[in-house]
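# Topology and contacts: notes
So the chains spell out like this:
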Amino acid sequence: MKINGVPYRTIWLADDQSTVEIIDQTKLPHEFRIEKLDSVFLAANAIKNMLIRGAPLIGAAAAYGMALGMKADPSDDNLEKCYDLLFSTRPTAVNLRWALDDLKSLLSGIAPTDRKGAAYKRAADICNEDVEICSSIGDHGLLLLKEIYEKKNKIVNILTHCNAGWLATVDWGTALAPVYKAFNAGIELHVWVDETRPRNQGASLTAWELGQHGVPHTIIVDNAGGHLMQHGQVDIVITGTDRTTYTGDVCNKIGTYLKALAAKENNIPFYVGLPSPTIDWTVEDGVRDIPIEERDQHEVNTMRGKAANGQIVDVQITPDTSLSKNFAFDVTPRHLITGLITERGISKANAEGLRALFPEYL
């Protein structure tokens, strides 16, 4: 995607082909800053403190984190330490485990002297594969939006929650990939952007990247989605996912479940952009078995914004004596989901549908 007309991915190698560079998403939308990661510790910090976020991008960053670790010390002992350090950063997104298992399996089977080069190559391959996956999700989702547009013969209104766009992946995005493909194809559309408290990834990230691409959009408070659905102002809801069970339950940013309930009540299709690495083939019941990350209450108690003097400040919005709980994700049960938009096509949210598209996991 492009920033001020210049094409970027969200993660890439610097000119030295060793240092990893990322867009620091904690500074958006008010500052565009590139951070350099030259150690596994900085990579782990970037994941843990959400300089990068979004399940596919977390996986890509973890892969490069392993490469940085092997650059410093390719020993068996350090391979285990790097795996454990990176695995501890975020508990919910399955792409993290998937990428780390992939790298560990590869590197364990080769000599330490070969590990650095192999790790960097595999990390680059994971990034390129993610771009292809997300582009394909966009192609399949485009057909849904095209069908709505041809039926309405006027603007398609899409509601999304959190950020499942380019910034959550290496490029294109998951939930937003169909939006970009449709916009590029000349389909008239408009995106309702949930602010997505507590970290405001919708207002800060989704709105910023849509604006960079020129896509018409409007930011709304999280609780406005149901009202818009009641009044016929939403044609389709598309969200992303951080982990999906093989039975079709979807774990995504807190508040996604409520959007699915409102969509069901108002007969509005609810779709999820689903790259296959986010499918957890070991979990059947998402509500019961997916670990829900709880983050620091500071994210609930404060909001970051630009002051009148242009400074970026954190402002406390809660009483000093009140406690807060910060659940980062919730699970949307499969019966509320119209379909899963994968790189291989659109599936029903159930085991039969997913296994028909991905028979290698039978």
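Keep in mind the model is a prediction, meaning the values are calculated, not measured. (Residues numbered from 1 in each chain as written. Predicted model: local features only at pLDDT ≥ 70, side-chain atom pairs only at ≥ 80, totals over all residues. Heavy atoms only, no water.)

### Remarks on empty space enclosed by the protein
Throughout the structure, instances matching the rule amount to 1 cavity of 30 Å³ or more. Quantified by volume, the largest cavity comes out at close to 240 Å³. What lines the largest cavity is a set of 25 residues, among which R53, G54, C162, D242 and F329 lie closest to the centre. Elements with a contribution of two residues or more to the lining of the largest cavity: α2 (55-72) and β11 (250-253). Looking at the lining of the largest cavity element by element, the count peaks at 3 residues for α2. The residue makeup of the lining of the largest cavity, split by class, is 9 nonpolar, 9 polar and 7 charged. (1 Å grid on protein atoms, 1.4 Å probe; cavity = no way out; pocket = protein on both sides within 12 Å on 5 of 7 lines; lining within 4 Å. Points joined across faces, edges and corners; volume = space filled by probe spheres on them. Helix = DSSP H or I, 4+ residues; strand = E, 2+ residues; numbered from the N terminus. Nonpolar A, V, L, I, M, F, W, Y, C, P; charged D, E, K, R; others polar.)

### A look at the packing of aromatic side chains
One pair of aromatic rings is described through two measures. These are the centre distance and the angle between the planes. The tally for this structure, following the rule as stated, stands at 8 aromatic pairs. With centroids separated by 6.2 Å and ring planes inclined at 20 degrees, the aromatic side chains of W166 and W208 adopt a geometry described as stacked. With W166 in the loop between β6 (156-160) and α6 (177-184) and W208 in helix α7 (residues 201-213), the pair connects residues that are 42 residues apart, well separated along the chain. Neither W166 nor W208 differs from the other in exposure class; each is buried. Consider the rings of W281 and F358, whose centres lie 6.4 Å apart with planes at 65 degrees: the pair is edge-to-face. Of the two residues, W281 sits in the loop between β13 (279-280) and α10 (286-289) while F358 sits in the segment after α12 (351-357), which places them 77 residues apart along the sequence. Of the residues examined, W281 reaches a relative accessible area of 18% and is grouped as buried. Classification of F358 as buried rests on a relative accessible area of 1%. Connected via pairs of aromatic rings, a cluster forms that spans Y8, W12, F32, W166 and W208. The positively charged end of K181 is found above the aromatic ring belonging to W172, 4.4 Å away from the centroid. (Phe/Tyr/Trp six-rings, centres within 6.5 Å; stacked < 30°, edge-to-face > 60°. Buried < 20%, exposed > 50% of the residue type's maximum accessible area, 1.4 Å probe, protein only. Lys NZ or Arg CZ within 6 Å of the ring centre and 35° of its normal.)

### Structural notes on the sheet that holds strand β7 (residues 189-194)
Sheet architecture is open: 7 strands sit in the order β8-β7-β6-β9-β12-β17-β18, paired in mixed fashion. Each edge of the sheet is formed by a strand with only one pairing partner; in this case those strands are β8 (217-220) and β18 (345-347). Each adjacent strand pair in this sheet contributes to an overall mean axis angle of 25 degrees, direction not counted. Of the pairings in the sheet, the one linking strand β9 (residues 236-239) to strand β12 (residues 270-273) comprises 3 bridges and is parallel in character. Counterpart to T239 in the pairing with β12 is V272. Taken strand by strand, α7 contacts β6, β7 and β8, and its axis lies near 160 degrees from that of β7. (Pairing = 2+ DSSP bridges. Axes fitted to C-alpha atoms, helices over the stretch in contact; angles between N-to-C directions. Contact = heavy atoms within 4.5 Å.)

### A closer look at the pattern of salt bridges
The final tally for this structure, using the stated rule, is 23 salt bridges. The partner of K81 in a salt bridge is D77, and the shortest N-O contact between them spans 3.1 Å. Placement of the pair is K81 and D77 together in helix α3 (residues 76-87), with a separation of 4 residues, close to one helical turn. The class of D77 is partly exposed, set by a relative accessible area of 46%. Residue D139 pairs with K181 through a salt bridge whose shortest N-O separation is 3.0 Å. You can see D139 sitting in helix α5 (residues 112-152) and its partner K181 sitting in helix α6, a full 42 residues away along the chain. Its relative accessible area of 14% is what places K181 among the buried residues. (Salt bridge = Lys/Arg side-chain N within 4 Å of Asp/Glu carboxyl O.)

Any functional reading would require information that these geometric values do not contain.
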